[in-house]
Amino acid sequence: MKKTGAIIFIFFSFQYVTAQTAVVKFDRLEELMNSKSDKIQVINFWATWCAPCVKELPLFEKLNAEKKSNIQVTLINLDFADKVKKVDAFVAKKNIESKVLLLDEIDYNAWIDKVDESWGGAIPATLVINPKNGKRKFVERELQEGELQKFLAEVE
Amino acid sequence: MKQTKLTVLLALSLVLLFAGRTPKYEVGDTVAEFKLKNVDGKQVALSDYISSKGVIVIFDCNTCPYSKAYNDRIQALSKNYAPKGFPLIAINANSPEISPGDSFEEMVAVAKRKNYDFPYLVDETQQVAKAFGASNTPHVFVLQRDGKDFKVAYIGAIDNNTRDEASADKKYVEQAVDALLAGKSVPTSKTKAIGCGIKWKNV
């Protein structure tokens with residue numbers, strides 16, 4: 001019994017360590033948006049409390065799992081920074097493998113227009129940028145199956 | 001007399017045309033009349049507020065974490081500004097099919113539990129939210145009365161810190177209403193806010 005307890009403890013602590021979400025400021029997001037890499041940046045804005053966001057996450061996970069050399073998926077989490085443990089637990093429970101960054105910038109009006117001027121502020125929202133030709137696509141709604149692929153083709 | 005009627009009709013159709021062309025209000029626009037059911041079962045219309053200096057309209061709901069975070073501040077806005085001539089109206093446009101916690105019954109329960117001293121209206125057809133161009137909850141529209149009209153004076157967030165009221169150093173709505181009360185122009189008339197998207201009906 002004691003052994004089981006220890007195993008469970010190790011299991012959970014391991015999961016916790018692997019799922020730790022980095023809490024970042026806007027400059028980190030800016031780096032992604034201005035990336036000079038060859039990779040197309042797929043950036044999704046989401047939160048654990050946002051049902052349509054959670055619903056569309058598998059689309060990003062699927063794209064990330066394809067491990068295409070020319071695509072980088074980043075999930076920008078907008079939960080409050082004091083809820084980072086909740087985000088960690090969520091990421092662990094859903095086995096999310098894409099890179100998750102918690103953006104700790106509560107003064108939304110200081111940065112939201114820099115992501116896209118058309119952004120009204122609702123999530124989910126998705127930004128696809130091709131650094132090679134500067135093409136970008138921004139949408140402020142839940143995505144359907146196949147739409148990400150369409151956006152990727154649009155910025156090619 | 002006939003001519004007056006004609007003019008009114010013409011003006012109305014122009015307003016309608018205008019409303020048809022612009023899908024949402026911008027600062028300075030005149031807001032069209034609306035009438036919605038309150039949690040007490042009675043209808044509340046914008047024109048009921050003809051004797052006020054303006055109205056603070058907030059698209060809100062029961063379930064969104066941002067709405068919850070702002071709930072005390074929304075109640076405080078009502079307490080502070082209703083006596084000064086700017087009463088508050090909260091409107092929930094979320095589809096109860098998509099968000100069951102935002103049903104009319106749940107609205108009644110929340111208003112009762114929180115002792116709302118302001119109307120909490122249900123926008124069942126979502127037409128009012130669409131006319132305003134409301135996208136999030138909470139999404140604020142400060143309206144200033146100008147004769148028989150209500151004009152949009154501020155659109156956006158309540159303040160610049162959803163998580164922590166004490167750390168908010170830009171109280172957009174307070175600043176807007178204070179400015180209007182002082183006869184000054186609104187310092188920041190438009191902001192954006194991350195929030196829960198309004199749960200539109202599936203069409």
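The structure this text deals with has already been given above.
Bear in mind the structure is a predicted one, so any value in this text is a computation, not a measurement.

With 14 residues of chain A at the contact, the number on the chain B side is 15 residues. Tallied by class, residues from the side of chain A that touches chain B come to 10 nonpolar, 3 polar and 1 charged. Across 2 bridges, strand E5 (residues 122-123) of chain A lies against strand E9 (residues 195-197) of chain B in parallel orientation. Bridge pairing in E9(B) links Ile123(A) to Cys196(B).

Residues and elements named next belong to chain B. For helix H2 (residues 65-81), spanning 17 residues, the distance from its first C-alpha to its last is 24 Å, which sits close to the expected 24 Å at 1.5 Å a residue. Residue Asn71 marks the point of greatest curvature in H2, where the axis turns by about 50°. Within H2, the full set of buried residues consists of Tyr66, Ser67, Tyr70, Ile74, Leu77, Ser78 and Tyr81. For H2, the secondary structure elements touched by its buried residues are strand E3 (54-59), strand E4 (88-92), strand E6 (136-137), helix H5 (172-181) and E9.

The next point concerns the nonpolar core. One finds Ile123(A), Ile56(B), Ile91(B), Val142(B) and Val173(B) to be the most contacted residues of the largest nonpolar core, which totals 85 residues. Excluding residues that lie within four positions of it along the chain, Ile123(A) makes contacts with Phe45(A), Trp46(A), Ala47(A), Cys50(A), Cys53(A), Leu78(A), Ile194(B) and Gly197(B).

Attention now moves to the sheet that holds strand E7 (residues 139-146) of chain B. All names here are of chain B. A sheet is described by the order of its strands in space; here 7 strands give the open sequence E2-E1-E5-E4-E3-E7-E8, paired in mixed fashion. Looking at the sheet topology across the chains shown, the edges are occupied by strand E2 (43-45) and strand E8 (149-156). Between one strand axis and the next, the sheet turns by 35° as a mean value, whatever way the strands run. With 3 bridges joining them, E4 and strand E5 (residues 120-122) adopt parallel strand pairing. When the bridges of E5 are listed, Asn92 appears paired with Val122. Those strands touched by H2 are E3 and E4, and its axis lies near 150° from that of E4. In this fold H5 packs onto E3, E7 and E8, with an angle of close to 145° to the strand it touches most, E8.

This next bit is on the sheet that holds strand E3 (residues 71-77) of chain A. Residues and elements named next belong to chain A. Spatially, the 6 strands line up as an open sheet ordered E1-E4-E3-E2-E6-E7, and their pairing is mixed. Strands at the two margins of the open sheet, each flanked by one partner only, are strand E1 (22-24) and strand E7 (136-139). The average angle at which neighbouring strand axes cross in this sheet is 25°, direction not considered. On the sheet, helix H2 (residues 26-33) packs against E1, strand E2 (40-46), E3, strand E4 (99-103) and strand E6 (125-129) and is oriented at approximately 145° with respect to E2.

To continue, consider the pairing of E2(A). All names here are of chain A. The element E2 is largely enclosed, with a buried count of 7 among its 7 residues. Neither face of E2 is open: one carries Ile40, Val42, Asn44 and Trp46, the other Gln41, Ile43 and Phe45, and all of them are buried. Since E2 and E3 lie parallel, the crossover through helix H3 (residues 51-65) that links them has a hand, and here it is right-handed. Where E2 meets E6, 5 bridges bridge the pair, whose relative direction is antiparallel. Counterpart to Ile43 in the pairing with E6 is Leu127.

Residue and element names in this part refer to chain A. Given a rise of 1.5 Å per residue, 15 residues ought to cover 21 Å, and the 22 Å separating the end C-alpha atoms of H3 matches this to within 8%. Of all the bends in H3, the greatest, near 30°, is centred on Leu57, and the proline Pro58 appears no more than four residues after it. All of the buried residues in H3 are Cys53, Glu56, Leu59 and Phe60. Contacts made by the buried residues of H3 are with E2, E3, E5 and helix H6 (147-155).

Rules used in this analysis
Residue numbers run consecutively from 1 along every chain, following the written order of its sequence. Whichever chain is written first is A, and whichever ligand is written first is 1; the rest continue in order. Totals for whole chains, interfaces and linings use every residue, but because this is a predicted model, local features are given only for residues with pLDDT of at least 70 and side-chain atom pairs only at 80 or more, for both listing and counting. We call two residues in contact when the distance between their C-beta atoms, placed using the backbone, is within 7 Å. Only Asp, Glu, Lys and Arg are considered charged, only Ala, Val, Leu, Ile, Met, Phe, Trp, Tyr, Cys and Pro nonpolar, and every remaining residue, Gly among them, polar. At least two DSSP bridges between two strands are required for those strands to pair. A run of DSSP states H or I qualifies as a helix once it reaches four residues; a run of E qualifies as a strand once it reaches two. Both are numbered from the N-terminal end. Expected span of a helix, by definition, is 1.5 Å for each gap between consecutive residues, and there is one gap fewer than residues. Note on bend: at a given residue it equals the angle between the axes fitted to the 7 residues ending there and to the 7 starting there. For every residue, the other C-beta atoms within 10 Å of its own C-beta are counted; 20 or more classify it as buried, 12 or fewer as exposed, and values in between as partly exposed. C-beta atoms are placed from the backbone. Note on definitions: a nonpolar core is a set of buried residues drawn from Ala, Val, Leu, Ile, Met, Phe, Trp, Tyr and Cys, linked by C-beta atoms within 7 Å. Angular values range over 0 to 180 degrees, each being the angle between N-to-C directions of two axes fitted as lines to C-alpha atoms, with helices fitted over their stretch in contact. The handedness rule is simple: strands pointing away from the viewer, and a clockwise path from the first strand over the helix to the second, make the crossover right-handed.

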